[in-house]
Amino acid sequence: MSLGAIKSGLPLAGVALRGCGSALPSQSLSNDQLSGRVDTSDEWIRSRTGIRRRRVLGAGEPLQGLAAAAGRAAIAHAGWSADSLDLVLVATSSPDDLFGMAPAVQAGIGADRAVAFDLTAACSGFLFALVTAAQYLRSGAMRRALVVGADQLSSWVDWDDRRTCVLFGDGAAAIAIEACEPEQDGLCGFRMRSDGRRGAVLQLPRQSGDEPLVAGARWQPGGFSPIHMNGQEVYKFAVRDVPALLRELLEETGTDAASVDWLVLHQANQRILDAVAERLGIPTDRALSNLAEYGNTSAATIPLMLDEAVRDGRIRSGHLIASAGFGAGLSWGAALMRWQGPGNVPA
Ligand code: UT7
């Protein structure tokens, strides 16, 4: 099928992954520094999570600027101009603006032709956004999309709660995708799940407020409570449901685990990465990890890891990547992708 046929509305174009980019806050916070604030230690955090440090946005560093920088790097990597983009989809749970951060990111990139909107699915957000953007390309409605994962959970943790504050960091990363001939399809399959019944184990809930407004009416002031998490329940969910979903995806696509070059999982805990790889029968050294440096950057972890591994030459053109995101909702999703973009070309 030609791109002409795609334009005329025929379905089933392929989706090619063409470029990646990332941007991180300049401020880095070590485990030792955190132990000056809460009752924790470098030893506890490293042995229970694998995290050594995380990046935190400081004064005057808005998340939308980070997201735009990641987006610019991804389209430069793909060799595209900003005005060739049709869509800027930003996965985030911590936007600078509750009305949506994506238009500001679109403006920061200069993608004037693109429609831009946010998608919220917590730590599954990037994967859900990638699959969503891919549908516009498959259907022929759009040709080029930028999928950004960006989060600033440092604004929403309770920095005095040692059970959560040590886990998260801030970051942004993006992937540039475009419609291609079906034979070159790089999104080989996907699966997505939600289970609101288990949602209470990980929430960033709206604060319950109740104030008098006028005679006979009341209103609820806006605001959110800090992240609340039952770590053990989230852990159990991740090590049971994520490998099960990946296994289904591998079976459905007729893919042998041995042919997966890399596992690119949401970076939440090194023990989770190892357990998922082991349950799938994939050597743990193929489960990519950069947790030690960045902690859990929520919607940014998967593209951040992809970008790092593409640029340092581990992921090469033609490599098969099994990816999975999981987190609040509960939500979880998996995708099987073939990288087709360039390697380490100057951004
Ligand atoms: O995107 C998804 C986001 N979330 C996750 O993926 C989280 C998944 N869960 C986890 O990664 C782990 O459950 C945690 C890392 C959060 C916790 O590890 P754990 O091995 O499940 O520890 P725990 O909650 O069972 O706590 C063990 C002990 C407790 O002390 P007591 O009650 O045994 O005296 C905690 O109070 O460790 C204590 N503890 C800490 N100690 C030092 C909890 N956090 C800390 C800390 N420093 N930061």
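Here is a short report on the structure shown in this document. (Residues numbered from 1 in each chain as written. Predicted model: local features only at pLDDT ≥ 70, side-chain atom pairs only at ≥ 80, totals over all residues. Heavy atoms only, no water.)

1. Topic: the pattern of salt bridges
Part 1 of the reasoning: Inspection of every chain in the model, using the stated rule, returns 19 salt bridges.
Part 2 of the reasoning: Aspartate 195 serves as the salt-bridge partner of arginine 198, at 2.7 Å between the closest nitrogen and oxygen.
Part 3 of the reasoning: The partner of aspartate 307 in a salt bridge is arginine 311, with the nearest N and O atoms 2.6 Å apart. Of this pair, aspartate 307 and arginine 311 both sit in helix 11 (residues 301-311), four residues apart, roughly one helical turn. Exposure class is identical for aspartate 307 and arginine 311. Each is buried.
Part 4 of the reasoning: Via salt bridges that share partners, Arg191, Arg193, Glu248 and Glu252 belong to a single interconnected network. (Salt bridge = Lys/Arg side-chain N within 4 Å of Asp/Glu carboxyl O. Helix = DSSP H or I, 4+ residues; strand = E, 2+ residues; numbered from the N terminus. Buried < 20%, exposed > 50% of the residue type's maximum accessible area, 1.4 Å probe, protein only.)

2. Re the state of the cysteines
Part 1 of the reasoning: With the rule as written, the count across this model stands at zero disulfides.
Part 2 of the reasoning: Cysteine cysteine 20 shares no disulfide, and the gap to the nearest cysteine sulfur, in cysteine 180, comes to 17 Å.
Part 3 of the reasoning: There is no disulfide at cysteine 188, and the cysteine sulfur nearest it, in cysteine 180, is 10 Å away.
Part 4 of the reasoning: The exposure class assigned to cysteine 188 is partly exposed, which follows from its relative accessible area of 35%. (Disulfide = S-S within 2.5 Å.)

3. Looking at the site of the ligand
Part 1 of the reasoning: The environment of the ligand is made up of 23 residues, and the closest members are Thr40, Arg48, Gln232, His266 and Asn269.
Part 2 of the reasoning: Residue glycine 231 places a main-chain N or O atom 2.9 Å away from a nitrogen atom belonging to the ligand.
Part 3 of the reasoning: Take asparagine 269: an N or O atom from its side chain is 2.7 Å from an oxygen atom of the ligand.
Part 4 of the reasoning: Starting from 950 Å² of accessible surface for the ligand in isolation, the protein chains cover 74%.
Part 5 of the reasoning: Those elements giving two or more residues to the shell around the ligand turn out to be helix 3 (42-49), helix 7 (162-165), helix 8 (231-252) and helix 9 (270-280).
Part 6 of the reasoning: At four residues, helix 8 tops the list of elements feeding residues into the shell around the ligand.
Part 7 of the reasoning: No fewer than three residues from each of domain 1 (3-184) and domain 2 (187-210 + 223-338) sit in the shell around the ligand. (Near = heavy atom within 4 Å. Polar contact = N/O pair within 3.5 Å; in protein donor to acceptor, adjacent residues only side chain to side chain. Areas by Shrake-Rupley, 256 points an atom, 1.4 Å probe, with all protein chains shown as cover. Domains from an automatic or database assignment.)

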